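In case you want the letters, here they are:
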Amino acid sequence: MTVEQRTQMQVDRQAKNLDLNEEQKKKLYDYYLTTNKKQEAEREERMKAMREGQQNGQRPDFRNMSEADREKFMKQMQEQRQAQQAAEDKAFKSILTEKQYKKWQMLKKAQEQRMRQMMQERQQGGQGGFGGPGQGGQGGFGSDAGDGYTDAGYTDANFTDAN
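Owing to the predicted nature of the structure, the values given are computational and were not obtained by experimental measurement.

> Explain the nonpolar core to me, and be specific about the residues and the numbers.
Ranked by internal contacts, the top residues of the largest apolar core, which has 14 residues, are Leu18, Leu20, Leu28, Tyr32, Phe92, Leu96 and Trp104. The set of elements that each furnish at least two residues to this core consists of α1 (3–18), α2 (22–55), α3 (67–95) and α4 (98–123). In contact with leucine 28, not counting residues within four places along its chain, are Val11, Gln14, Leu20, Phe92 and Ile95.

And the structure:
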């Protein structure tokens, strides 16, 4: 999937969930496209470093890191993710109406809860992940797993003008 296709898919999903107007869709597309291109470049750089490390006989994983290096790496990743989340929050707050922004925050929390649940199940040897039972998941893309938002009890009724 190209960066542009992924971007359009993200915008379409947000447009469906948040009832975006055309101007909001355009702004969200620009935001996602910039973000996705940056992430793609970072991923390519990591892959290049991994390939070079493997060619030099080095394993690019945690097994070769000292505990201090591992902690430093994890802290950097956490700080980077927090900065990305803050930038995303700022962008969405400037693009969405107050009502849409509140709904987006609720949907985002529901997604985070589902991801945490999947990770816990995976760590416990359960069915966390994609692919269906036995493959580390409870369904996945193309399944009848639901959209997660209505499954978690979030409906448009949660977002009346009083909210």
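Let's pick the thread back up.
> Please give an account of the side chain of asparagine 36 that cites residues and values.
Along the chain, asparagine 36 falls in helix α2. What makes asparagine 36 buried here is its relative accessible area of 2%. For asparagine 36, the side chain forms a polar contact with the side chain of glutamine 10, separated by 2.6 Å. Apart from the residues within four sequence positions on either side, asparagine 36 is in contact with Val3, Arg6, Thr7 and Gln10.

> Could you give an account of a nonpolar patch on the surface, naming the residues involved and the relevant values?
A cluster of nonpolar side chains, Phe73, Met74 and Met77, forms an exposed patch at the surface whose accessible area comes to about 260 Å². Its location among the elements puts phenylalanine 73 in helix α3. Residue classification places phenylalanine 73 among the partly exposed residues on the basis of a relative accessible area of 30%.

> Could you give an account of the pattern of salt bridges, naming the residues involved and the relevant values?
Taken as a whole and judged by the stated rule, the model has nine salt bridges. Between arginine 43 and glutamate 44 there is a salt bridge, with the nearest N and O atoms lying 3.1 Å from each other. Three or more residues are tied together by salt bridges with common partners; here these are Arg6, Glu40, Arg43 and Glu44.

> Provide a residue-level description of the side chain of glutamine 24, including the pertinent values.
By secondary structure assignment, the location of glutamine 24 is in helix α2. Here glutamine 24 falls in the buried class, since its relative accessible area comes to 7%. Here glutamine 100 takes part through its side chain, which lies 2.6 Å from a polar atom of the side chain of glutamine 24. Those residues in contact with glutamine 24 that sit more than four places away from it in its chain are Asp19, Ile95, Leu96, Thr97 and Gln100.

> Account for the packing of aromatic side chains, naming residues and giving values.
Taken as a whole, this structure holds five aromatic pairs when the rule is applied. Relative to phenylalanine 92, the ring of tyrosine 31 lies with its centre 6.1 Å away and its plane at 85°, an arrangement referred to as edge-to-face. Of the two residues, tyrosine 31 is situated in helix α2 and phenylalanine 92 in helix α3; the sequence distance between them amounts to 61 residues. For the pair formed by tyrosine 31 and phenylalanine 92, the shared burial category is buried. With a centroid separation of 4.2 Å and 10° between ring planes, the pair formed by phenylalanine 92 and tryptophan 104 is classed as stacked. With phenylalanine 92 in helix α3 and tryptophan 104 in helix α4, this residue pair connects regions lying twelve residues apart in the sequence. Across this residue pair, the class does not change: phenylalanine 92 and tryptophan 104 are buried.

Scoring rules and cut-offs
- Residues numbered from 1 in each chain as written.
- Predicted model: local features only at pLDDT ≥ 70, side-chain atom pairs only at ≥ 80, totals over all residues.
- Heavy atoms only, no water.
- Core = buried A, V, L, I, M, F, W, Y, C linked by side-chain atoms within 4.5 Å.
- Buried < 20%, exposed > 50% of the residue type's maximum accessible area, 1.4 Å probe, protein only.
- Helix = DSSP H or I, 4+ residues; strand = E, 2+ residues; numbered from the N terminus.
- Contact = heavy atoms within 4.5 Å.
- Polar contact = N/O pair within 3.5 Å; in protein donor to acceptor, adjacent residues only side chain to side chain.
- Patch = residues over 30% accessible without salt bridge, like charges linked within 9 Å, V, L, I, M, F, W, Y side chains within 5 Å.
- Areas by Shrake-Rupley, 256 points an atom, 1.4 Å probe, with all protein chains shown as cover.
- Salt bridge = Lys/Arg side-chain N within 4 Å of Asp/Glu carboxyl O.
- Phe/Tyr/Trp six-rings, centres within 6.5 Å; stacked < 30°, edge-to-face > 60°.

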